[in-house]
Amino acid sequence: MRQETSIAGRRSPWRDELRATLALAWPLILANLTMQLIQATDVILLGWLGAKELAAAALGLSLSFGMVLFALGVLTASSPMIASALGARFNAVRDVRRTFRQSVWAAALMAAPVLVVLWNAEGIILAFGQEPELASLAGRFLRGYMWVIPPWMLFQTLRNFVSAMERPGWILVISSVGIPLNALVSWALIFGHLGLPALGILGGGIGSSIVWTAMALALTAVVLSDRQFRRFHLFGRFWRPDWPRFRQLFRLGGPIGLTMGFEGGVFSAAAYLMGLFGAPSVAAHQIALQIAATTFMVPLALGQAATVRVGLAYGRNDPHAVALAGWTAFVLGIAFMTVMAGVMFLFPRELITLFLDDSAANANVISLGVSFLLIAALFQIADGAQVVGAGMLRGLHDTRVPMIFALFGYWAIGLGVGIALAFVLDWRGVGIWVGLAAGLGVVALLMLWRWTQRGTLGLADREPPKIKAVATH
């Protein structure tokens, strides 16, 4: 009996951490999935217009993807900064407020150049060697879609705060409303229903902009009215600078942004390489990527939860709790992606035809999409391992070396192998996707190695960086 009690006691910390991780992660998982489904809705609706419109939207989204992910990475730094501050002192109201304030400043700074690039998208896409008709349609789509960027960035800063407070349920509620709202608004604007003009591909972009603005305003209303959030007075004295914290946000978040940008950028580059093989390859790439991105939302949320849980333990200077938090999220992520790999391998055609009619006119796109999705099934586990691993390391404020891993893995290995297979061995689009799989595998192994060596490297033993603030409120 004494031995059984001892064993139960040893298991208790893992059970407690599993409960805490799932309690934080499941609303984030559902919120990530709902936000991904908002974009998937646009892809489906534009697929109804035709493969050419879908390919053009894919080129437009790919142009913005890398820039937006860099900005998201910088803003993501606020999550471990807030978590470690709360881990060290539960009532760190001023630290939390100042970090949030400088995050919104950073979002405004980064949004401006993105808008300039997207406004001139048609010429940029033409310069990448794409078909003039596709470039024109993509530019038209982005003239409506570009206005997503400011409210989307504000939503992310608010989301990081709410997640670090371990109350992500509001994100789920608002995102869940966003799916049907986006479907309705975009459907009406694309096809001309409910008394609105039929704007085609432009309507899809405008619909997304309207919905993300509404979601950002809704989450702002929540943090201003909810009792637990309201005490932080997030928007109080918003004009007051805190330059040390602003610089710390970019020191920590810049490498995160580059890491995420390198990953997103290589998939964007893949879309433009697909454009050299024609519109069907781009459309098939976008559909397969949409499906892979949807499954990716679960380990992404587990990585976000790991950042918060590891960050809290890191702020308490508790290496044992750091290990518990990290490994719990990692195992959950690998288990889920193993199941998703099986689903993709068994039902690739059924998944592809969710986005396109299974007709003779779409036969080429569907055939290519099935080939790409079978390769995506192979890299599911690696994709989950690298994103959860990156989240675990971010909780330790370790971002610069993972950035180097991402640059090497995605661009030197992933893109290098993909180009060689696609153009030298003439594997075309399949070669591009095999290269992406190789890059993800390399990054996953490097992230896991660094996490296992965190004790030797002194990552979990160092003090969280102290920020000398200059603001008074």
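In this text the structure is predicted, and so the values were computed from the model without any measurement.

Enquirer: Sorry if this is basic, but what is going on with the confidence of the model for the chain here?
Expert: Any segment with low pLDDT has predicted coordinates that should not be analysed in fine detail. Within the chain, residue pLDDT values average 88, and 94% of them lie at 70 or more. For the chain, helix H1 (residues 2-49) is the element with the lowest average pLDDT, namely 75, and helix H18 (residues 428-452) is the one with the highest, namely 96. Contacts from residues 1-9, a stretch scored under 50 in pLDDT, to residues over four places away or in other chains number one contact. Predicted confidence for residues 469-473 stays below pLDDT 50, and this span has 19 contacts to residues more than four positions away or in other chains.

Enquirer: Help me understand the nonpolar core, please; the structure alone is not making it clear to me.
Expert: Nonpolar side chains in soluble globular proteins generally cluster together in the buried interior. The biggest cluster of nonpolar side chains holds 153 residues, and the ones touching the most others in it are Met153, Phe155, Phe161 and Trp433. Of all the elements, helix H12 (residues 279-315) adds the most residues to this core, at 22 residues. Beyond its immediate sequence surroundings of up to four residues, Trp433 is in contact with Met274, His285, Ala288, Leu289, Phe372, Ile375, Ala376 and Phe379.

Enquirer: It is not clear to me how helix H15 (residues 363-378) should be interpreted in this structure. Could you clarify?
Expert: Within an α-helix, residues lying three or four positions from one another point in the same direction, as the helix has 3.6 residues per turn. Between its terminal C-alpha atoms H15 stretches 23 Å, which fits the 22 Å expected from 16 residues at 1.5 Å a residue. If you check which residues of H15 are buried, you get Val365, Ile366, Gly369, Val370, Phe372, Leu373, Ile375, Ala376 and Ala377.

Enquirer: So what exactly am I meant to see when it comes to unusual backbone geometry here?
Expert: Negative phi is the rule for most residues except glycine; trans is the rule for most peptide bonds. Even without being glycine, His233 reaches a positive phi, approximately 45°. As for its position among the elements, His233 is in the loop between helix H10 (227-230) and helix H11 (243-275). Here the phi dihedral of His397 falls at roughly 60°; this positive angle occurs in a residue that is not glycine.

Enquirer: Would you explain the pattern of salt bridges in this entry?
Expert: Pairing between side chains of opposite charge can happen when their charged atoms approach one another. Using the criterion set out here, one finds seven salt bridges in the structure. Two residues, Glu133 and Lys52, come together in a salt bridge whose shortest N-O distance is 3.1 Å. In this pair, Glu133 is assigned in helix H6 (residues 132-145) and Lys52 in helix H2 (residues 51-76), connecting sequence segments 81 residues apart. Residue Glu133 is classed as partly exposed on the basis of its relative accessible area of 44%. Across the salt bridge formed by Asp398 and Arg450, the nearest N and O atoms sit 2.6 Å from each other. Taken together, the positions of Asp398 in the loop between helix H16 (380-395) and helix H17 (400-424) and Arg450 in helix H18 put the pair 52 residues apart, joining distant regions of the chain.

Conventions adopted
Residues numbered from 1 in each chain as written. Predicted model: local features only at pLDDT ≥ 70, side-chain atom pairs only at ≥ 80, totals over all residues. Heavy atoms only, no water. pLDDT = per-residue confidence, 0-100. Helix = DSSP H or I, 4+ residues; strand = E, 2+ residues; numbered from the N terminus. Contact = heavy atoms within 4.5 Å. Core = buried A, V, L, I, M, F, W, Y, C linked by side-chain atoms within 4.5 Å. Buried < 20%, exposed > 50% of the residue type's maximum accessible area, 1.4 Å probe, protein only. Expected span 1.5 Å × (residues − 1). Salt bridge = Lys/Arg side-chain N within 4 Å of Asp/Glu carboxyl O.

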